[in-house]
Amino acid sequence: VSDIERLRAKFEETLRQTPLLDPRVEVFEGDFHEILVRILSSSFDLMDENERQVTVWKRMFADFDSRDRKLVKFIFTDSPTEFEEAFGKERLAEFGAVNPVH
Amino acid sequence: MLPILKERFRGNIERVKTQVALYEWITSGVRGRPRVAESDLLRAAVVFLHAALEDLMREIAAWKLPDARPEVLSLVPYAGGDGRSTKLSLGDLAKHHRGMSVRDVIFESVLNHLDKSSYNDPDEIARLLAQIGCGASAIKRLMDRHGPNLGVAMSRRHQIAHRLDRNEDSGRGQHGTRSMSKKVVQIWIENIDRFSDDLFEEVEKISVSPEDAS
C-alpha cells in the first residue's frame, strides 16, 4: 500500500472523530512529489481558516505518528462552494462532494 | 539569559505585527476582497512569524545545548570540519582548536550547527527540546497544548515560502492563490506568543548551566 493510499485511509478514519459534516478526502502528489491533502466539508463554511486547520491538526496529533505527520506537507481545507469556485463543477463532482448551494 | 531571549523574541514579534499593521494601512477604505499583492503582506508576516519562532528555538538551543548530555553532543558536527563529521582527531584539534578550551570548542560547534538548522514542524521543535534537556512530560504538555496550533502556522508558512501559497490541485497547471485573512494571522501571532510563554517557563526548569551557576 502506498503512502498516499495509507494516508487517505487514515484521514478518512480520523475525520470520523470530528464534527465535520460529510468530509471528503483526497491525498495527492504535488508538483514536486510532496504529499498534499485536500479535505472538503460544508462545515468549513462556518469556520475561519484557523478553526478548520486546527480541527484537522488536532486529530493528526491524536492519531498520526510523527513520521506520518511529516509526510503531509499541507492540508487544504475547503467547503464544496469554495472548491467549486476555484476548480469548477466537474472537478467537484469528481471529488464526490456536493455543493449545498445548488 | 532568559530576559534577553524574551526581549529579542518580543522585538521579532513586533516586526511581524508591523507587517500586519502595514496591511491594515494599505487596505483601509478598500472595498471587497483584497488583491493578492496586498494580502502578500500577511503572507510575509507568516514567514516572519515562523522566522521569529525559529530564532527563538535557536537562541534557546545556543544557551542550553552546550550543556547537553554527551550522547546529544555526539550528533553535533565539530566546528572547522566538513559540516557533517562528528569524529574529531587530535590532528583536527591542533588544526582548528589549538589553545581553545573544551567548552569553547563545544560552544562554537553548537553555534555552527544551529546556524544551519531549521524547524519546519512541531515534531522538530519537540526533538530539539528533548536534546536541550526538556523532560518528556514537559514536552508532552507543550505539544498537547500547542502542537496543532504550531503545525497549522508552520505548514502554511511552508506553503507560502515554497509554493507561493498556490491553491494546488492534483495535476500540474495554473492555480490561484489561497485566501489569507488578517484575523487568522493575528490568531497565529497570539498562539506562538502563548507557546513562547509556556516554553520559557519549561526552559527555566532545565537544570542550571555551569556558566549561569558561576
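Residues numbered from 1 in each chain as written. Chains lettered and ligands numbered in written order. Predicted model: local features only at pLDDT ≥ 70, side-chain atom pairs only at ≥ 80, totals over all residues. Heavy atoms only, no water.

> Please explain the packing of helix α2 (residues 36–64) of chain B against helix α6 (residues 122–131) of chain B as it appears in this structure.
Think of two packed helices as two axes; the pair is described by the angle between the axes and how far apart they sit. Residues and elements named next belong to chain B. Where α2 meets α6, the closest approach of the two axes is 10 Å, and the angle between their N-to-C directions is 15°. Looking at the two axes, α2 sits roughly parallel to α6. Pair α2 / α6 crosses with left-handed handedness. Taking contact as the criterion, the partners of Leu53, Met57 and Ala61 in α2 are, on α6, Ile125, Leu128 and Leu129. Here the contact of α2 with α6 is composed, by residue class, of 6 nonpolar, no polar and no charged. (Axes fitted to C-alpha atoms, helices over the stretch in contact; angles between N-to-C directions. Helix = DSSP H or I, 4+ residues; strand = E, 2+ residues; numbered from the N terminus. Parallel < 35°, antiparallel > 145°, perpendicular 65-115°, else oblique. Left-handed = near helix turned anticlockwise from the far one by under 90°. Contact = heavy atoms within 4.5 Å. Nonpolar A, V, L, I, M, F, W, Y, C, P; charged D, E, K, R; others polar.)

> So what exactly am I meant to see when it comes to unusual backbone geometry here?
Phi is mostly negative for residues that are not glycine, and the peptide bonds are mostly trans. Residue and element names in this part refer to chain B. If you check the backbone angles, Leu164 has positive phi at about 50° while not being a glycine. In this fold, Leu164 is placed in the loop between α7 (136–163) and α8 (182–205). In this structure, Asp165 is a non-glycine residue whose phi angle is positive, near 60°. As for its placement among the helices and strands, Asp165 is situated in the loop between α7 and α8.

> Honestly, helix α1 (residues 3–15) of chain A in this entry has me stumped. Any pointers?
Structurally, the α-helix is built with 3.6 residues per turn, so residues lying three or four positions apart point the same way. All names here are of chain A. The end-to-end C-alpha separation of α1 is 18 Å, in line with the 18 Å expected for 13 residues at 1.5 Å each. Considered for burial, the residues of α1 that qualify are Leu7, Phe11, Thr14 and Leu15. Projected onto a plane normal to the axis of α1, the buried residues spread over an arc of 90° and lie on a single side. Lining the buried residues of α1 we find β1 (24–29), β2 (35–40), α2 (49–63), α3 (66–71) and β3 (72–78). (Expected span 1.5 Å × (residues − 1). Buried < 20%, exposed > 50% of the residue type's maximum accessible area, 1.4 Å probe, protein only. Arc of directions from axis to C-beta.)

> Even after reading the chapter, I still don't get helix α5 (residues 102–115) of chain B, so can you show me in this structure?
Residues and elements named next belong to chain B. Compared with the 20 Å implied by 1.5 Å per residue over 14 residues, the 20 Å span of α5 between its first and last C-alpha is a close match. Restricting attention to buried positions, one finds in α5 the residues Val105, Ser109, Val110 and Leu114. End-on view of α5: buried residues confined to an arc of 160°, all on one side of the axis. Tucked inside the fold, the buried residues of α5 contact α2, α3 (70–73) and α4 (90–97).

> Just to check I follow, could you spell out the side chain of Ser109(B) for this structure?
Within the fold, Ser109(B) resides in helix α5. Discounting residues that sit within four places of it in the chain, Ser109(B) has contacts with Val76(B), Pro77(B), Tyr78(B) and Ala79(B).

> Which parts of the structure should I look at to understand the confidence of the model for chain A?
Note: predicted coordinates in regions of low pLDDT should not be interpreted at a detailed level. Looking at chain A as a whole, the pLDDT averages 93, with 94% of positions reaching at least 70. Per-residue pLDDT, averaged within each element of chain A, yields its smallest value for helix α5 (residues 89–95) of chain A (90) and its largest for α2(A) (97). (pLDDT = per-residue confidence, 0-100.)

> Would you mind showing me how to read the packing of aromatic side chains here?
The description of an aromatic ring pair rests on the distance of the ring centres and on the angle between the ring planes. Residue and element names in this part refer to chain A. Evaluated as defined, the whole model comprises 5 aromatic pairs over all chains. Each ring, one from Phe11 and one from Phe64, has its centre 4.9 Å from the other, and the planes form 70°; the classification is edge-to-face. Separated by 53 residues along the polypeptide, Phe11 in helix α1 and Phe64 in the loop between α2 and α3 bring together distant segments of the chain. When the ring of Phe83 is compared with that of Phe95, the centres are 5.2 Å apart and the planes differ by 75°; the resulting orientation is edge-to-face. Taken together, the residues Phe83 in helix α4 (residues 80–87) and Phe95 in helix α5 connect sequence positions 12 residues apart. Considered together, Phe83 and Phe95 belong to a single accessibility category, that of buried residues. A connected cluster of aromatic rings, assembled from ring pairs, spans Phe83, Phe87 and Phe95. Of note, Arg38 hangs over the ring of Phe76, and the distance from its end group to the ring centre comes to 4.5 Å. Lying over the aromatic face of Phe61, Arg69 brings its terminal NZ or CZ to 4.1 Å of the ring centre. (Phe/Tyr/Trp six-rings, centres within 6.5 Å; stacked < 30°, edge-to-face > 60°. Lys NZ or Arg CZ within 6 Å of the ring centre and 35° of its normal.)

> Sorry, what's going on with the confidence of the model for chain B here?
Overall, the prediction assigns chain B a mean pLDDT of 92, with 95% of residues at 70 or greater. Taken over the whole predicted complex, pTM reads 0.92, whereas the ipTM for its chain interfaces reads 0.92.

> Please explain the packing of α1(A) against α2(A) as it appears in this structure.
Residue and element names in this part refer to chain A. In contact at an axis separation of 10 Å, α1 and α2 are set at 110° when each is read in the N-to-C sense. Overall, the two elements α1 and α2 adopt an arrangement that is roughly perpendicular. Residues Lys10, Phe11, Thr14 and Leu15 of α1 touch α2, and the partners they reach there are Val56, Arg59, Met60 and Asp63. Along the lines of polarity and charge, the residues of the contact of α1 with α2 split into 4 nonpolar, 1 polar and 3 charged.

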